[in-house]
Amino acid sequence: MIEIKNICKSFEGRDVLKDISAVFEKGKTNLIIGQSGSGKTVLLKSIVGLFEIECGEILFDGRDVRTMDFKEQKLLRQEIGMVFQNGALFDSLTVEENVRFPMDMFTNKGLKEKIKRVNFCLDRVNIKESNHLYPSEISGGMRKRVAIARAIALNPKYLFCDEPNSGLDPVTSILIDSLIKDITAEFDITTIINTHDMNSVMEIGDKILFISEGQKCWEGNNTQIFSTRNKKLNAFVFASPFSKKFRELKKMEEDE
Amino acid sequence: MGVLYHIGQYFLLLVRVFKKPEKNSIYRQQLVFEIEKLGINSIGIVAIISVFMGGIITLQLTYNMVSPLMPNYIIGLGNRDTLILEFSSTILSLMLAGKVGSNIASELGSMRITEQIDSMEIMGVNSASYLILPKIIAVVFMSPLLFIISVACGLFGGLITGPLSGTVTVATYITGITTLFVPYYVAFSIIKTFVFGFLIATVPAYLGYYVQGGALEVGRASTKAVVNTSILILFFDLVLTQLLFK
């Protein structure tokens, strides 16, 4: 479980995160949603420690990151897996070397054992016979899946995904979503996903945090989100003509 | 203020770079890779440039310095000392600042903007040390080797063009390059190449590592890396010459 309490962050005097508190539960896919520029990525990167927060607390299973020393923070980071927006695979390494990288760095396993684990992780994300390809030789969807495989290589307790569906077609997006959801349940991970994809919200939103202009505006799940009266959230959720139609149909259904 | 900020950041980065590596075996692999990429792959261009420069220096000496009052072996001697004291150490380092420096800055810059460095940090890897330390060791220790190759190739270039110009024979040229040899000149230049090698690896690494933005900024950082490293090489050439020749 990850708990954030009253987090604040500003850049050059501009407040980007304003007093945000939330609890992200274990074994569930926790979504942070909001418009572009609302502060989602800053929030996610603040939780993983890429940005230093100015006030508040971040607790990983009760352990406060801000009071940890360098060694403790380093150990905590080995419990974290992160999938970046574009995969962030290392260009100079093959698919296999990319997934093996955290094991090479932090374990004393033999090569055979590491390759076995690599193959297990790649198999888990449905990637076969691509071990010796470079990131530039595989598709965007495959890159995301390899990034997920790398993120789970060290059996993380916490998984962070920054817009895992951006730039992907709807079918691949659904595959990625279900993969993350399955992995979260299978390994009992605390997963936090940053997204503005409404399909993801509907499919895997066990818990949803809506952020607008750096503030928490709403909290709930994927069934509550369609019946909320929060104006900002409704404007976000029902922005597309398709979702507007969906809302009208839902209203008609309720009236009947 | 800006300059002081960058100097401070540069030294803070160096502190991170020289922290104890996570795993020595991985760093050794990376070092071999960097030696090949930054050092071995530069030998060809260094050799070509040095052969031509040795030939050009010899021709310039032939046309401008030969007179009945001076012995002809001055051509070989002049070529040797020019190569050892300045060309193969300083000018070659300026060239390497262009080739190796821009490579380092653009590589690290690209890794930064594509979040590869962030992903290493999240894993708990000291990205500064993992990415930069092997480059520093590779460039610092390959620079003296490139210097020696450059001197040898430059002398060979002179050996070809000198006799071809008709003013100096092979024997006189060889007499020139073996006369009045001061071993300290070689030591002086090797010290310089160590310093220049350090600058060639660290200044572009700093500029690449802290790139913010996109492809345009990576290009800018790469250009800035070459310009700043070149200026620093010339500045330290001046300082080291003053210090080591006093």
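Just so you know, these numbers come straight off a predicted model, no measurement behind them.

## Structural notes on the overall build of chain A
Here is step 1: Helix and strand content of chain A: nine helices and ten strands.
Here is step 2: Relative to its length of 256 residues, chain A is compact, with a C-alpha radius of gyration of 19 Å against a globular reference of 18 Å.
Here is step 3: Based on the C-alpha atoms only, the size of chain A along its principal axes is roughly 65 × 40 × 30 Å.
Here is step 4: Classification of the 256 residues of chain A by burial places 39% in the buried group.
Here is step 5: Taking the contacts inside chain A whose residues are at least 6 apart along the sequence as the reference set, 67% of them involve residues at least 24 apart.

## A word on the overall build of chain B
Here is step 1: Assigned secondary structure in chain B consists of nine helices and zero strands.
Here is step 2: For chain B, the succession of helices and strands along the chain, N to C, is α-α-α-α-α-α-α-α-α.
Here is step 3: Buried positions account for 43% of the 246 residues belonging to chain B.
Here is step 4: When contacts within chain B are restricted to residue pairs at least 6 apart in sequence, long-range pairs at least 24 apart make up 87% of them.

## A closer look at the sheet that holds strand E10 (residues 215-220) of chain A
Residues and elements named next belong to chain A.
Here is step 1: Strands sit in the order E6-E7-E8-E3-E9-E10 across an open sheet of six strands; the sheet is mixed. At either end of the open sheet lies a strand with only one pairing partner, and these are strand E6 (80-83) and E10. The sheet shows a mean angle of 20° between the axes of neighbouring strands, direction not considered.
Here is step 2: In this fold helix H5 (residues 140-152) packs onto E6 and strand E7 (158-162), with an angle of close to 175° to the strand it touches most, E6.

## Side note on the interface of chain B and chain A
Here is step 1: On the side of chain A, 14 residues touch chain B, which itself brings 13 residues to the contact.
Here is step 2: Among the elements that make up the side of chain B that touches chain A, the one with the highest residue count is helix H5 (residues 116-123) of chain B (six residues).
Here is step 3: In the side of chain B that touches chain A, the residues fall into four nonpolar, four polar and five charged.

## Examining unusual backbone geometry
Residues and elements named next belong to chain A.
Here is step 1: The phi dihedral of Ala-88 is positive, around 50°, even though this residue is not glycine.
Here is step 2: On the secondary structure map, Ala-88 appears in the loop between E6 and helix H3 (95-106).
Here is step 3: The exposure class of Ala-88 is buried, given the 24 C-beta atoms found within 10 Å.
Here is step 4: One non-glycine residue, Glu-163, adopts positive backbone phi at about 40°.
Here is step 5: Its place among the elements puts Glu-163 in the loop between E7 and helix H6 (170-187).

## Concerning the environment of Leu234(B)
Residues and elements named next belong to chain B.
Here is step 1: Considering the arrangement of structural elements, one finds Leu-234 in helix H9 (residues 215-244).
Here is step 2: The partly exposed category is assigned to Leu-234, around which 14 C-beta atoms lie within 10 Å.
Here is step 3: Residues Leu-234 and Ser-93, 141 residues apart in the sequence, show an inter-C-alpha distance of 9.6 Å.

## Quick look at the sheet that holds strand E4 (residues 55-60) of chain A
Residue and element names in this part refer to chain A.
Here is step 1: With respect to topology, four strands assemble into an open sheet ordered E2-E1-E4-E5, the strand pairing being antiparallel. With partners counted over all chains shown, the strands left at the sheet margins are strand E2 (14-24) and strand E5 (63-64), one partner each.
Here is step 2: Relative to E5, E4 is paired through two bridges, and the arrangement is antiparallel. By the bridge assignment, Phe-60 is partnered in E5 with Arg-63.

## Re the domain arrangement of chain A
All names here are of chain A.
Here is step 1: Here chain A is partitioned into domain 1 (2-79 + 157-255) and domain 2 (92-155).
Here is step 2: Each of domain 1 and domain 2 has a C-alpha centre, and these two points are 26 Å apart.
Here is step 3: At six residues, the largest contribution of residues to the side of domain 1 that touches domain 2 is made by H6.
Here is step 4: Among the residues making up the side of domain 1 that touches domain 2, the classes are represented as eight nonpolar, three polar and no charged.

## Observations regarding the nonpolar core
Here is step 1: With 116 residues, the main nonpolar core has Ala149(A), Phe160(A) and Val139(B) as its most contacted residues.
Here is step 2: Summarising the domain contributions, this core has at least three residues from each of domain 1 (2-79 + 157-255) and domain 2 (92-155) of chain A.
Here is step 3: Not counting the four nearest positions on each side in its chain, Val139(B) is found in contact with Leu38(B), Val100(B), Gly197(B), Ile200(B) and Ala201(B).

## Re the pairing of E2(A)
All names here are of chain A.
Here is step 1: Alignment of strand E1 (residues 2-11) against E2, held across seven bridges, turns out to be antiparallel. When the bridges of E2 are listed, Ile-4 appears paired with Ala-22.
Here is step 2: Counting the residues between successive antiparallel strands, the hairpin from E1 to E2 contains two residues, one of them, Glu-12, with a positive phi of roughly 45°.

## Observations regarding the environment of Phe60(A)
Residue and element names in this part refer to chain A.
Here is step 1: Note on placement: Phe-60 falls in strand E4.
Here is step 2: Distance from Phe-60 to Leu-44, taken between C-alpha atoms, is 14 Å for residues 16 residues apart in sequence.
Here is step 3: With near-sequence residues (within four places) excluded, Phe-60 lies in contact with Ile-2, Val-65, Leu-76 and Tyr-158.

## Things to note about H5(B)
Here is step 1: Of all eight residues in H5(B), six are buried; the element is thus mostly enclosed.
Here is step 2: Along H5(B), the positions that sit buried rather than exposed are Gln116(B), Ile117(B), Ser119(B), Met120(B), Ile122(B) and Met123(B).
Here is step 3: Next to the buried residues of H5(B) lie helix H1 (40-48), helix H2 (70-77), E6 and H3 of chain A together with helix H4 (74-113) and helix H6 (127-165) of chain B.
Here is step 4: Positive backbone phi, approximately 100°, marks Gly124(B), located one or two places after H5(B).

## Here we look at the pairing of E4(A)
Two faces, one strand: in a regular strand the side chains alternate between the faces of the sheet.
Residue and element names in this part refer to chain A.
Here is step 1: Taken together, the five bridges between E1 and E4 define a ladder with antiparallel strand orientation. Counterpart to Cys-8 in the pairing with E4 is Cys-55.
Here is step 2: Counting the residues that bridge the hairpin from E4 to E5 gives two residues, and of these Asp-61 lies at a positive phi of roughly 50°.

## Here we look at the packing of H3(A) against H5(A)
All names here are of chain A.
Here is step 1: Where H3 contacts H5, the two axes come as close as 7 Å, and the packing angle between them is 30°. Taken together, the axis directions place H3 and H5 in an arrangement best described as roughly parallel. The handedness of the crossing between H3 and H5 is right-handed. In this structure, H3 uses Val-95, Asn-98, Val-99, Phe-101 and Pro-102 to contact H5, whose residues at the interface are Val-146, Ala-149 and Arg-150.

The rules behind these values
Throughout this description, residue numbers start from 1 for each chain and increase along the sequence as written. Lettering for chains starts from A, numbering for ligands starts from 1, and both go in the order in which the items are written. Totals for whole chains, interfaces and linings use all residues, but because this is a predicted model, local features are given only for residues with pLDDT of at least 70 and pairs of side-chain atoms are given and counted only at 80 or more. Here a helix means four or more residues in a row that DSSP labels H or I, a strand means two or more in a row labelled E, and each is numbered from the N terminus. Only C-alpha atoms enter the radius of gyration, while the globule expectation follows 2.2 Å times N to the 0.38, with N the number of residues. Put plainly, a residue is buried at 20 or more neighbouring C-beta atoms within 10 Å of its own, exposed at 12 or fewer, and partly exposed in between, counting only other residues' C-beta atoms, which are placed from the backbone. What counts as a contact here is a pair of residues whose C-beta atoms, placed from the backbone, lie within 7 Å. For two strands to pair, DSSP has to find at least two bridges joining them. All axes here are fitted lines through C-alpha atoms, helices being fitted over the stretch that makes contact, and every angle between N-to-C directions spans 0 to 180 degrees. Each residue gets one of three labels, nonpolar for Ala, Val, Leu, Ile, Met, Phe, Trp, Tyr, Cys and Pro, charged for Asp, Glu, Lys and Arg, and polar for the others, Gly among them. Throughout the structure description, domain borders are defined by an automatic or database domain assignment. In plain words, the nonpolar core is the set of buried Ala, Val, Leu, Ile, Met, Phe, Trp, Tyr and Cys residues that C-beta atoms within 7 Å link up. Roughly parallel means an angle under 35 degrees; roughly antiparallel means over 145; roughly perpendicular covers 65 to 115; every other angle is labelled oblique. Handedness of each helix crossing follows the sense of rotation of the near helix against the far helix: counterclockwise by less than a right angle gives left-handed, clockwise gives right-handed.

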